[in-house]
Amino acid sequence: MTTEQPVSSRLSALDEDCLRISGHIVDVSPQAFRVAGLSPFVRLGDCISCPGDNGDEIGEVVRIEEGSLTVKPFGTRFTRPVKAPAHRMGPLTVAPAASWKGRAVNAFGMPCDGLGPLGRGDEERLADAPPPPALKRGRVKEPVRTGVKAIDIFTPLIKGQRIGIFAGSGVGKSTLMGMLARAKGFDTVVVALVGERGREVREFLEETMGGNLDRVVTVVATGDESPMMRRLAPKTAMSVAEFFRDRGENVLLIVDSVTRLAHAARDVALAAGEPPVARGYPPSVFSELPQLLERAGPGYEGSGTITGIFSVLVDGDDHNDPIADAIRGTLDGHIVLDRAIGEQGRFPAIDVLKSISRLADLSWAPQERELVTRLRAMISRFEDTRDLRLLGGYQRGGDTTLDQAVDLVPHIYDGLIQHPHDQTSAMPFEDLSRRLKQGLKPA
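How each quantity is defined
- Residues numbered from 1 in each chain as written.
- Predicted model: local features only at pLDDT ≥ 70, side-chain atom pairs only at ≥ 80, totals over all residues.
- Heavy atoms only, no water.
- Axes fitted to C-alpha atoms, helices over the stretch in contact; angles between N-to-C directions.
- Helix = DSSP H or I, 4+ residues; strand = E, 2+ residues; numbered from the N terminus.
- Left-handed = near helix turned anticlockwise from the far one by under 90°.
- Contact = heavy atoms within 4.5 Å.
- Nonpolar A, V, L, I, M, F, W, Y, C, P; charged D, E, K, R; others polar.
- Buried < 20%, exposed > 50% of the residue type's maximum accessible area, 1.4 Å probe, protein only.
- Pairing = 2+ DSSP bridges.
- Salt bridge = Lys/Arg side-chain N within 4 Å of Asp/Glu carboxyl O.
- Expected span 1.5 Å × (residues − 1).
- Bend = angle between axes of the 7 residues up to and from the residue.
- 1 Å grid on protein atoms, 1.4 Å probe; cavity = no way out; pocket = protein on both sides within 12 Å on 5 of 7 lines; lining within 4 Å.
- Points joined across faces, edges and corners; volume = space filled by probe spheres on them.

An account of the packing of helix 6 (residues 283-293) against helix 7 (residues 322-330) is needed here, citing residue identities and associated values.
Angle between the axes and distance between the axes are the two parameters that describe a pair of packed helices. Closest axis-to-axis distance for the helix 6/helix 7 pair is 10 Å, and the angle between their directions is 35°. You can see that helix 6 and helix 7 cross each other, and the crossing is right-handed. Counted together, Val285, Phe286, Leu289, Pro290 and Leu293 of helix 6 and Pro322, Ile323, Ala326, Ile327 and Thr330 of helix 7 form the full contact between these two elements. In the contact of helix 6 with helix 7, the residues fall into nine nonpolar, one polar and no charged.

Here it is, written out as structure tokens:
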């Protein structure tokens, strides 16, 4: 009997000369299938292989009972009949290599861009690996300019930070993430497209990313793929990012979106028999998300970093959705996109009053911190009195602070507008100051 071996990213068949522990299928449903005879030999997360004329069909063990296993297949349709053989395999792994830059792969780490075979690295990495020990991780300290003025001024990023972009559908999350992916301060960019529309994948790579893919590794699991593939894709992307981080590189990891990952994890957990507890989400979803998010950040002292940007699709623009609320408490900051701001034609539609970076003090100089505090107060005063001004209740001269806000805030808003193909801003504070001076010049 062979010892347990991990499943490679190629999911190659085991050596036919070796003996394998096998069971057989006893039940098949649209969501999962059950296997008898393997319960004493597997663990949760192990894979099961079911051979057939058209190749092996792979599933993951999601529940273990004394007499049978519940297995969730990675394919959209499971075609094996009852009594078909099923073989034990180990946990899924990937073997990233430096040659992956510029390529697009699926959740198994197999090429899906039609550019030929993909090189394999020397080390197999678990797709569901644990994060580095907390006390052995490096400290975050180096600021990075993203080129997006609204972010670099109000919610600046630090290499190794994890931040979320929270928005409803159609407010500009993917466009903003494409702008951030072009930031100059990173050696490698890893993008996980989870549950995306199939037609948008090429658009994202060729237009949103501007076709600059030489340093980008893309992991794709489209919306028509199974929940297992959508659940696996961000884990594969995280393993790829960890590979480059351990080489000493500063990696930007973009996951679009974590909400679709949560939806896929919910489908898997319900198939395993878990009860829903919060708007249909089982408890394991709320423990699985932090396990993934904690893998981003600085690596061991002396290695590189993973700066994580995670988009969160808030259902019905409800920012208190259970998934959004759970993720917001795990990350190091959040950027909120507001539909009303987008409807005014101000893109990126960032609500600077609701957005925060918990590591901003590591980026701001003292005078910049004071300026941002004053700008926030001015914008808050402007927004709080919007209804009063529309009703004609505002008279100039009664409140000098409000007078200043009325004069400056519209120009601040104009100065923060930035379209995807605009030139990036290397000096955002200077650019905003120049815009304010232009706006206040007498006609």
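Describe in detail the pairing of strand 14 (residues 216-222), supporting the description with residues and values.
In terms of burial, strand 14 is largely enclosed, as seven of its seven residues are buried. Because side chains alternate across strand 14, one face comprises the buried residues Val216, Thr218, Val220 and Thr222, and the other comprises Val217, Val219 and Ala221, equally buried. In this structure, strand 8 (residues 104-105) lies alongside strand 14, joined through two bridges in parallel fashion. For Ala104, the partnering residue across the bridge sits in strand 14 and is Thr218.

Run through the sheet that holds strand 5 (residues 68-73), naming residues and quoting values.
Ordered by their spatial adjacency, six strands build a closed barrel running 1-2-5-4-3-6, and the pairing between neighbours is antiparallel. Across the sheet, the mean angle from the axis of one strand to that of its neighbour is 45°, orientation sign disregarded.

Quick one: what's the story with the pattern of salt bridges, residue by residue and with numbers?
One pass over the structure, following the stated rule, counts 31 salt bridges. Here Glu203 and Arg199 are joined by a salt bridge, their closest N and O atoms 3.2 Å apart. Within this pair, Glu203 and its partner Arg199 are both found in helix 3 (residues 198-208), separated by four residues, close to a single helical turn. Overall, the relative accessible area of 35% leaves Glu203 in the partly exposed class.

Which residues make up helix 4 (residues 227-246), and what are the values?
For helix 4, built from 20 residues, the straight-helix expectation of 28 Å at 1.5 Å per residue is met to within 8% by its first-to-last C-alpha distance of 29 Å. Within helix 4, the axis deviates most sharply at Ala233, by approximately 25°, and proline Pro234 lies no more than four positions further along. Buried residues dominate helix 4, accounting for 19 of its 20 residues. Of the residues trailing helix 4, Gly248 is marked for its positive phi of about 95°.

Tell me about the environment of Ala272, and please be specific about residues and values.
With respect to the helices and strands, Ala272 occurs in the loop between helix 5 (258-271) and helix 6. Ala272 sits in the buried class, given a relative accessible area of 11%. Placed 69 residues apart in sequence, Ala272 and Glu203 show a C-alpha to C-alpha distance of 36 Å.

Describe in detail empty space enclosed by the protein, supporting the description with residues and values.
Applying the stated rule across the entire model yields five cavities of 30 Å³ or more. As a volume, the largest cavity reaches approximately 90 Å³. Lining the largest cavity we find Ala150, Arg346, Phe347, Pro348, Ile350, Val352, Tyr413, Leu416 and Ile417. Grouping the amino acids of the lining of the largest cavity by side-chain chemistry returns eight nonpolar, no polar and one charged.

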